[in-house]
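# Fold and contact review
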Amino acid sequence: MSQVAEAFLTGLSERGDDPSLRKITGTIRIDLRNNGKVDHWHLTFDGGKVSVKQSNNAAKGSRADCHMITDSELFERMAGGRANAMAALLRGAVLVRGDLDKLVAFQRLFPGPPSKRGSRQ
Amino acid sequence: MSATISILDGNTFVVSDTRGDIEATPTDTAGLFSFDTRFLSKWVLTVNGQRLSTLSIDDLHYFETRFFLVPGTGTIYIDARLSVIRDRTIDGGFHEVLTILNHDDHPVKLDVRIDAEADFADLFEVKDELSKKGKTYTRLGNGGLALGYQRETFKRETHVSSSEQAAFDENGLSFTITIAAHGKWSTTLLVGLTALAADGSPVLELRDHRTHEELRDDLHDWIDNAPHLDCDWPPLKTTYRRSLIDMAALRFSPLTAEGRTLPAAGLPWFMTMFGRDSIITSLQSLPILPGLAETTLRELGARQGTRLDDFRDEDPGRIMHEMRYGEMTAFEERPHSPYYGTADATPLFVVLLDEYERWTGDAELVRDLEFEARAAIAWIDDYADLQGNGYLWYRRRNEQTGLENQCWKDSWDSISYRDGRLPGFPRATCELQGYAYDAKMRAARLARAYWRDPKYADMLEKQATQLKRRFNRDFWISERGYYALALDEDGGQVDALASNTGHLLWSGIVETSKARSVVRHLMSPQMFSGWGIRTLSTDEKRYNPIGYHVGTVWPFDNSLIAWGLRKYGFKKEAARVAAGILDAADFFEGRLPEAFGGYERALTRYPVQYPTACSPQAWSTGAPLLFLRTMLGLAPHGDHLIVDPAVPGGVGHLELLNIPGRWGRVDAFARSAGDKDAKQHLRPQLSSLRDRKGVPG
């Protein structure tokens, strides 16, 4: 499990009052595949509060409103702003089971690319 | 291909020739498309090795077409002992009921064949003539044929099957059949589409596609639920009905919308969510079809920008421009996942939210979208003020595949000085400032009424007032008496007279003392062609009556301007603009094109259509709905609907019944007071006479 991805996920519960978090209600399960192993993350969003749980197998059968499956390596790039989740979904590099709208809301929490210029110059 | 037939549901559509055959080349636009990918590039029917000829075509509904065919392609002799009927309906992919009738006294033995092929071209590849980077494959089995394409993890498949036993091979399927004397044979061909990951599992769990019956019932309900129009101007009734049906066809349901729909931009190539087009069409449709606005607001809000991303021209708070689903978007070779390069969708999002509430009283949505509306307002100040002088500017950061002009006039030469020069970037076009003003005024109302934040409301009103004052100082060309089209990067006035100045009336940023002069320009022979207000004045260097944004007349543009004319009390002028455009609609059987030529009405006598690939276009379809609002003077006021009609000359009565809104359902009536002359009931002929004589409004 990469540090970037882990920092991103655990950091969700420490964002404070982020309106983007309030836009999600329910549970998202994330399976990150890495050399035959799978890391499971279970996120619960409730009124802007997020609880984050990780496990190597216990959560395997756990149910969630939205279930996202992808490779660790790609998730790390998304968490670092170097890959776009919606594009990854279209090319089959991210799979979704359950509510797509939760994934659309969740991926907005990823940062932008590190090399961005921004509007003002 | 000379004649094409399109059918669609959502963003799945078929473009075929008049026989129902598909024979695409890499750059030809025929095919079965879904999610911006061509899932069939060949679908050709032969009987005993012969192609067929068309006897007739029934366009039953926008999602269903029936082709009546006979074998043979000779023009002189046609073998009429056999009839072939292809009844094709879109349902996720499509199903086609193929029926062959034998009219002979003897049994007939036939080889029936369908050749099928799929190139899986992305719409962008068809447009830009690009070649594929992955590999196609075919697979036989499970009683059918699978046509597939894979590039890394990106995998798409088309599945062809038949209700009757068929012999499948890698290029299609065949039937060897005998039909009894005066007998009939039929099979149902199914074409299913899937988006897969590399391991063959589906990318998404899609909801079930609507059946043929559901599509039919839905269309009937759609029309039944809309207000009923009656008037003594028959072409208007035709146009109204056409708009309702076309708007039904233009509905698009994003995968996150649980079946709710919003207006896509145009059929078939723009059947996707657009910020600007979906918002403006929703605004136009509010009095008639208010449900579209709700989905538009929710879905655009769910995709509002949250970060800086130069490739997608994304900023926090920015409302998206365009969403695409094809391979090039999937591999980040195009920025449409979604792309955010539009400067007007963000303020217009707030305008729509407020206008939607005024009509529907849906306080819940206003509360749900408080954060999005505030973020949109913040975008105007924090990210769009590129010059730091209080105006809304645009300049793309994606210089390869981003859009240069991020206002509705998005062609390269649309923003010019009177002498034809083009300004540099960034640009601040005038209508954007109007939208920003309106967005702040409307957000202030919502903040007070729903968000319990009167301080924020005060601040917004103060900012809006300052913007209006500043705008009337910096954009007003006093020696000419109208507003500059834009400010250039040095703050200088881009001084061409363009229709953009008309949008300012709608936004309310025009000082009352300046309104009359603006209206005089809009209704002058240089701007008003008799059919409508041109995008650019005939006096400007770049004026061209068939130039996309530099002289043509756009129905949607005129519908917003007419709304603005009413707002400033210019009722007659608003009615005159409405009459011109609606008269033109009659020449297109009620379906207004995206744009038509800026030729003088008295010169051509009929409107010259601008050739475009998409028809119907959403905001042209919405234009008659907004004109109905302006002619009837419909305005929500609290829980009541105000009706203050001003109908064009020649219209005796006009009534719109069952207008939905926070008042329940109400009726609006208009009767012309003075005109008792029977000849007055003769639009559009009358209006052209009047215009030729130069009789004003």
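Now for a look at the structure at hand. On a predicted model such as this, the values are computed, not experimentally measured, just so you know. (Residues numbered from 1 in each chain as written. Chains lettered and ligands numbered in written order. Predicted model: local features only at pLDDT ≥ 70, side-chain atom pairs only at ≥ 80, totals over all residues. Heavy atoms only, no water.)

### Let's talk about the overall build of chain B
- Counting its secondary structure elements, chain B contains 18 helices and 29 strands.
- Here chain B has a C-alpha radius of gyration of 27 Å; the compact-globule value for 697 residues is 26 Å, and the two agree.
- When its C-alpha atoms are laid out on the principal axes, chain B stretches across 85 × 65 × 50 Å.
- Counting contacts in chain B only where the partners sit at least 6 residues apart, residues at least 24 apart contribute 64% of the total.
- Accessible surface for chain B amounts to roughly 25400 Å². Of this, 48% is attributable to carbon and sulfur atoms. (Helix = DSSP H or I, 4+ residues; strand = E, 2+ residues; numbered from the N terminus. Rg over C-alpha atoms; globule rule 2.2 N^0.38 Å. Contact = heavy atoms within 4.5 Å. Areas by Shrake-Rupley, 256 points an atom, 1.4 Å probe, with all protein chains shown as cover.)

### Notes on the overall build of chain A
- Scanning chain A for helices and strands turns up five helices and five strands.
- Across chain A, helices and strands are ordered from the amino to the carboxyl terminus as α-α-β-β-β-β-α-α-β-α.
- When the backbone C-alpha atoms are referred to their principal axes, chain A occupies close to 50 × 35 × 25 Å.
- Every one of the 121 residues in chain A was classed for burial, and the buried ones make up 56%.
- Sequence-distant contacts, at least 24 apart, represent 61% of the contacts inside chain A between residues at least 6 apart.
- Just so you have it, chain A exposes about 5600 Å², and 44% of that area is on carbon and sulfur atoms. (Buried < 20%, exposed > 50% of the residue type's maximum accessible area, 1.4 Å probe, protein only.)

### With respect to the sheet that holds strand S5 (residues 37–40) of chain B
Residues and elements named next belong to chain B.
- The four strands lie next to each other as S1-S2-S4-S5, forming an open sheet whose pairing is antiparallel. Whereas interior strands pair on both sides, the edge strands pair on one side only; in this sheet they are strand S1 (5–9) and S5. Taken over all neighbouring pairs, the strand axes of this sheet differ in orientation by 25° on average, direction set aside.
- Sheet analysis places strand S2 (residues 12–16) next to strand S4 (residues 31–34), joined by three bridges and oriented antiparallel. Bridge pairing links Val14 to Leu32 in S4. (Pairing = 2+ DSSP bridges. Axes fitted to C-alpha atoms, helices over the stretch in contact; angles between N-to-C directions.)

### Comments concerning the packing of helix H2 (residues 212–225) of chain B against helix H3 (residues 234–249) of chain B
Residue and element names in this part refer to chain B.
- The interhelical angle for the contact between H2 and H3, taken along N-to-C directions, is 135°, at an axis separation of 10 Å. Taken together, the axes of H2 and H3 are oblique relative to one another. Note on packing geometry: the crossing formed by H2 with H3 is right-handed. Contacts between H2 and H3 involve Leu219, Trp222 and Ile223 from the former and Arg241, Leu244, Ile245, Met247 and Ala248 from the latter. (Parallel < 35°, antiparallel > 145°, perpendicular 65-115°, else oblique. Left-handed = near helix turned anticlockwise from the far one by under 90°.)

### A closer look at the pattern of salt bridges
All names here are of chain B.
- For the coordinates displayed, the defined rule picks out 65 salt bridges over all chains.
- Taking the shortest distance from any N to any O, the salt bridge between Arg298 and Glu294 comes out at 3.3 Å. Of this pair, Arg298 and Glu294 both sit in helix H5 (residues 291–302), separated by four residues, roughly a single helical turn.
- Linking Arg298 and Asp368 is a salt bridge whose minimum nitrogen-to-oxygen distance equals 3.3 Å. Here Arg298 is found in helix H5, whereas its partner Asp368 is found in helix H8 (residues 363–368), with 70 residues between them in sequence.
- Taken together, the shared-partner salt bridges connect Asp354, Glu355, Glu357, Arg358, Asp438, Arg442, Arg445, Arg629, Asp639 and Arg662 into one network. (Salt bridge = Lys/Arg side-chain N within 4 Å of Asp/Glu carboxyl O.)

### Quick word on the sheet that holds strand S7 (residues 52–61) of chain B
Residues and elements named next belong to chain B.
- With respect to topology, eight strands assemble into an open sheet ordered S7-S8-S9-S10-S17-S14-S13-S12, the strand pairing being antiparallel. Whereas interior strands pair on both sides, the edge strands pair on one side only; in this sheet they are S7 and strand S12 (135–141). The average undirected angle you get between the axes of adjacent strands in this sheet is 15°.
- In this structure, S7 lies alongside strand S8 (residues 64–71), joined through seven bridges in antiparallel fashion.

### Considering the interface of chain B and chain A
- On the side of chain A, 34 residues touch chain B, which itself brings 43 residues to the contact.
- There are one salt bridge connecting chain B and chain A.
- Glu372 of chain B is the salt-bridge partner of Lys23 of chain A, the closest N and O atoms lying 2.9 Å from each other.
- Along the contact surface separating chain B from chain A lie 14 residue pairs in polar contact (both at pLDDT 80 or more).
- If you tally residues by element for the side of chain B that touches chain A, the top one is helix H9 (residues 370–382) of chain B, at four residues.
- Residues that form the side of chain B that touches chain A fall into these classes: 15 nonpolar, 10 polar and 18 charged. (Polar contact = N/O pair within 3.5 Å; in protein donor to acceptor, adjacent residues only side chain to side chain. Nonpolar A, V, L, I, M, F, W, Y, C, P; charged D, E, K, R; others polar.)

### Describing the pairing of strand S18 (residues 228–231) of chain B
All names here are of chain B.
- Of the two faces of S18, only the one carrying Leu229 and Cys231 is buried; His228 and Asp230 on the other face are not.
- Across four bridges, the pairing between S18 and strand S28 (residues 653–661) is antiparallel. Directly across from Asp230, in S28, lies its bridge partner Glu655.

### Notes on the nonpolar core
- The biggest cluster of nonpolar side chains holds 205 residues, and the ones touching the most others in it are Trp43, Ile100 and Leu654 of chain B.
- The element contributing the most residues to this core is helix H10 (residues 430–449) of chain B, with 10 residues.
- Apart from residues no more than four positions distant in its own chain, Leu654 of chain B is found in contact with Leu229, Asp230, Cys231, Leu236, Leu628, Met631, Leu632, Val647, Ala668, Phe669 and Ala670 of chain B.
- Listed in part, the 39 residues of the second largest apolar core include Met68, Ile69, Phe75 and Phe106 of chain A. (Core = buried A, V, L, I, M, F, W, Y, C linked by side-chain atoms within 4.5 Å.)

### Some points on the packing of aromatic side chains
Residue and element names in this part refer to chain B.
- All told, the structure shown has 37 aromatic pairs over all chains when counted by the stated rule.
- Ring centres of Trp554 and Trp619 lie 6.4 Å apart, and the angle between their planes is 80°; on these two criteria the pair is classed as edge-to-face. Of this pair, Trp554 sits in the loop between helix H13 (512–522) and helix H14 (555–567) while Trp619 is found in helix H17 (residues 618–632), placing the two residues 65 residues apart along the sequence. Across the pair, exposure class does not vary: Trp554 and Trp619 are buried alike.
- Between the NZ or CZ atom of Lys132 and the centre of the ring of Tyr149, over which it lies, the distance is 4.5 Å.
- Directly above the ring of Phe331 sits Arg151, whose terminal nitrogen or CZ lies 3.7 Å from the centroid. (Phe/Tyr/Trp six-rings, centres within 6.5 Å; stacked < 30°, edge-to-face > 60°. Lys NZ or Arg CZ within 6 Å of the ring centre and 35° of its normal.)

### Some remarks on helix H4 (residues 275–285) of chain B
- Burial runs high along H4 of chain B: 11 of the 11 residues are buried.
- Among all positions in H4 of chain B, only Gly275, Arg276, Asp277, Ser278, Ile279, Ile280, Thr281, Ser282, Leu283, Gln284 and Ser285 of chain B are buried.

### A short note on the side chain of Gln284 of chain B
All names here are of chain B.
- Tracing the sequence through the fold places Gln284 in helix H4.
- Gln284 gets classed as buried once you look at its relative accessible area, which sits at 0%.
- One polar contact links Gln284 to Ser559, side chain to side chain, over a distance of 3.1 Å.
- Here Trp619 takes part through its backbone oxygen, which lies 3.0 Å from a polar atom of the side chain of Gln284.
- Apart from residues lying up to four places away in sequence, Gln284 is in contact with Phe556, Ser559, Ala618, Trp619, Gly622, Ala623, Leu625 and Leu626.

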